[in-house]
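Close look at the chain arrangement
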Amino acid sequence: MADPIHLEYEVAADDYQAAGAASNSVKETLKMLGVPTAISRRAAIITYEAEMNLVIHGGGGKIVANIDEKSVELMTIDEGPGIPDVEKAVQEGFTTAGDRAREMGFGAGMGLPNIKRNADVFEIFTEVGSGTTLRTVINLP
Amino acid sequence: MASVRISEICAEIGARVYSEGDMARAVERAAVGDLLSFVMGSDADGAAWITVQTHLNVAAVAVLKDIPVIIIASGREPAADLTERCQTEGIALVSAAHPVFDICVKLGRLGISG
Ligand SMILES: Nc1ncnc2c1ncn2[C@@H]1O[C@H](COP(=O)(O)OP(=O)(O)OP(=O)(O)O)[C@@H](O)[C@H]1O
Ligand SMILES: [Mg+2]
């Protein structure tokens, strides 16, 4: 892999129909670069869950992927409501998803745990009222 | 543990086919779930997926989990954009009139495991 690759996707609030667009693109890019399937799948799961959290909770935002020889960095940046208690939010089953999201099968409170499980580095920077940045890194073999 | 072709599963549950996918492909396992992130975090990879969810996001999960066939239970109809996405992705999408449990029983009789 020569130059690092930088990808960005805009995600709109409540746009359930765009679901999976960014994660598919990340998965395809990694596949093209010859990254092992097991790793591109982890990256795609992280991207999908983070994407849906932007749609449902973050009021929309941006997904950023940085890929080089050593790692895949995946970030979401939003200017939404922020997360008051991060420790709680990363626990399995914790959700504040509303009725509409729940009817569609969101709100299991499994998104952040799924992200954490698939990432080598997992960080949340958040401030109530200003927004949330999620940063994950997957190390490449 | 049996390996059962998707076409055989469809015949057994009297499925209506919305997207053909690869009907000759065989599956050994099935998973049930309507909570998308729950299915995403499960070991449903490569399994048949039985759900009552009918919207587009179902396809996103199926793609990421390499799920070759989605079985919609209780006769619910998939959204048009879900059907379309499954067709593009080569995923079989079928609907059966039976409720989830009955479908599970039938798949179990075919030798499919959890
Ligand atoms: N970008 C975000 N902005 C604000 N709050 C968030 C954000 N991401 C997650 N949260 C909060 O963290 C909680 C847990 O997130 P998580 O992804 O684990 O579950 P969920 O989205 O509620 O349900 P699931 O992901 O299982 O469909 C959310 O319900 C929400 O309260
Ligand atoms: Mg979530």
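Scope of this entry: the structure provided in the associated data block.

Reading guide: rules and limits
- Residues numbered from 1 in each chain as written.
- Chains lettered and ligands numbered in written order.
- Predicted model: local features only at pLDDT ≥ 70, side-chain atom pairs only at ≥ 80, totals over all residues.
- Heavy atoms only, no water.
- Helix = DSSP H or I, 4+ residues; strand = E, 2+ residues; numbered from the N terminus.
- Rg over C-alpha atoms; globule rule 2.2 N^0.38 Å.
- Buried < 20%, exposed > 50% of the residue type's maximum accessible area, 1.4 Å probe, protein only.
- Lys, Arg positive; Asp, Glu negative; His and termini not counted.
- Charge placed at Lys NZ, Arg CZ, Asp CG, Glu CD.
- Pairing = 2+ DSSP bridges.
- Core = buried A, V, L, I, M, F, W, Y, C linked by side-chain atoms within 4.5 Å.
- Contact = heavy atoms within 4.5 Å.
- 1 Å grid on protein atoms, 1.4 Å probe; cavity = no way out; pocket = protein on both sides within 12 Å on 5 of 7 lines; lining within 4 Å.
- Points joined across faces, edges and corners; volume = space filled by probe spheres on them.
- Nonpolar A, V, L, I, M, F, W, Y, C, P; charged D, E, K, R; others polar.

1. Thoughts on the overall build of chain A
Broken down by element type, chain A carries 5 helices and 5 strands. In sequence order, chain A lays out its α and β elements as β-α-α-β-β-α-α-α-β-β. Computed over the C-alpha atoms, the radius of gyration of chain A is 14 Å, within 12% of the 14 Å expected from 2.2 N^0.38 for a compact globule of 141 residues. Reported as C-alpha extents along the three principal axes, the dimensions of chain A are approximately 45 × 30 × 25 Å. Looking at chain A residue by residue over its 141 residues, the buried ones come to 50%. Charged side chains in chain A number 12 positive and 21 negative. The centres of these two groups are separated by 7 Å.

2. Some remarks on unusual backbone geometry
Located in the positive-phi region is A:Asp14, a residue other than glycine, with phi close to 60°. Here A:Asp14 shows up in the loop between strand 1 (5–11) and helix 1 (21–32). A positive phi is found at B:Ser74, a non-glycine position, where the angle reads about 55°. Note that B:Ser74 resides in the loop between strand 6 (69–72) and helix 4 (80–89). With a relative accessible area of 41%, B:Ser74 lands in the partly exposed category.

3. Some thoughts on the pairing of strand 3 (residues 71–78) of chain A
All names here are of chain A. Most of strand 3 sits inside the fold, with 7 of its 8 residues counted as buried. Judged from the 6 bridges that link them, strand 2 (residues 61–67) and strand 3 form a sheet pairing that is antiparallel. Its bridge partner lying in strand 3, Ile 67 is registered against Val 72. Taking the residues that link successive antiparallel strands as the turn, the strand 2-strand 3 hairpin has 3 residues. Judged from the 8 bridges that link them, strand 3 and strand 5 (residues 131–139) form a sheet pairing that is antiparallel. Looking across to strand 5, one finds that Val 72 is bridged to Ile 138.

4. Some details on the nonpolar core
By size, the foremost hydrophobic cluster in this structure holds 59 residues, and its most contacted members are A:Tyr16, A:Tyr48, A:Met52, A:Phe106, B:Trp49 and B:Ile70. A per-element tally of this core places helix 2 (residues 37–56) of chain A first, with 11 residues. When sequence neighbours within four positions are dropped, the list of residues in contact with B:Ile70 reads B:Trp49, B:Thr51, B:Val58, B:Ala62, B:Cys86, B:Ile91, B:Ala92, B:Leu93 and B:Val94. Within the second largest apolar cluster, 19 residues are counted, among which are B:Ile50, B:Val69, B:Ala73 and B:Ile103.

5. Looking at the layout of surface pockets
Of the voids in this model, the largest pocket is the one considered here, and its volume is about 590 Å³. A:Asn53, A:His57, A:Ile83, A:Thr96 and A:Leu112 are, among the 34 residues lining the largest pocket, the residues nearest its centre. Elements that contribute at least two residues to the lining of the largest pocket include exactly helix 2, strand 3, helix 3 (86–89), helix 5 (111–118) and strand 5 of chain A. The element that contributes the greatest number of residues to the lining of the largest pocket is helix 2 of chain A, accounting for 6 residues. A class-by-class count of the residues in the lining of the largest pocket yields 18 nonpolar, 12 polar and 4 charged. As a volume, the second largest pocket reaches approximately 350 Å³. As for the second largest pocket, its lining consists of 18 residues, and the residues nearest its centre are A:Lys27, A:Lys31, B:Val63, B:Asp66 and B:Glu89. Sorting the residues of the lining of the second largest pocket by element identifies helix 1 and helix 2 of chain A together with helix 3 (57–64) of chain B as the ones contributing at least two each.

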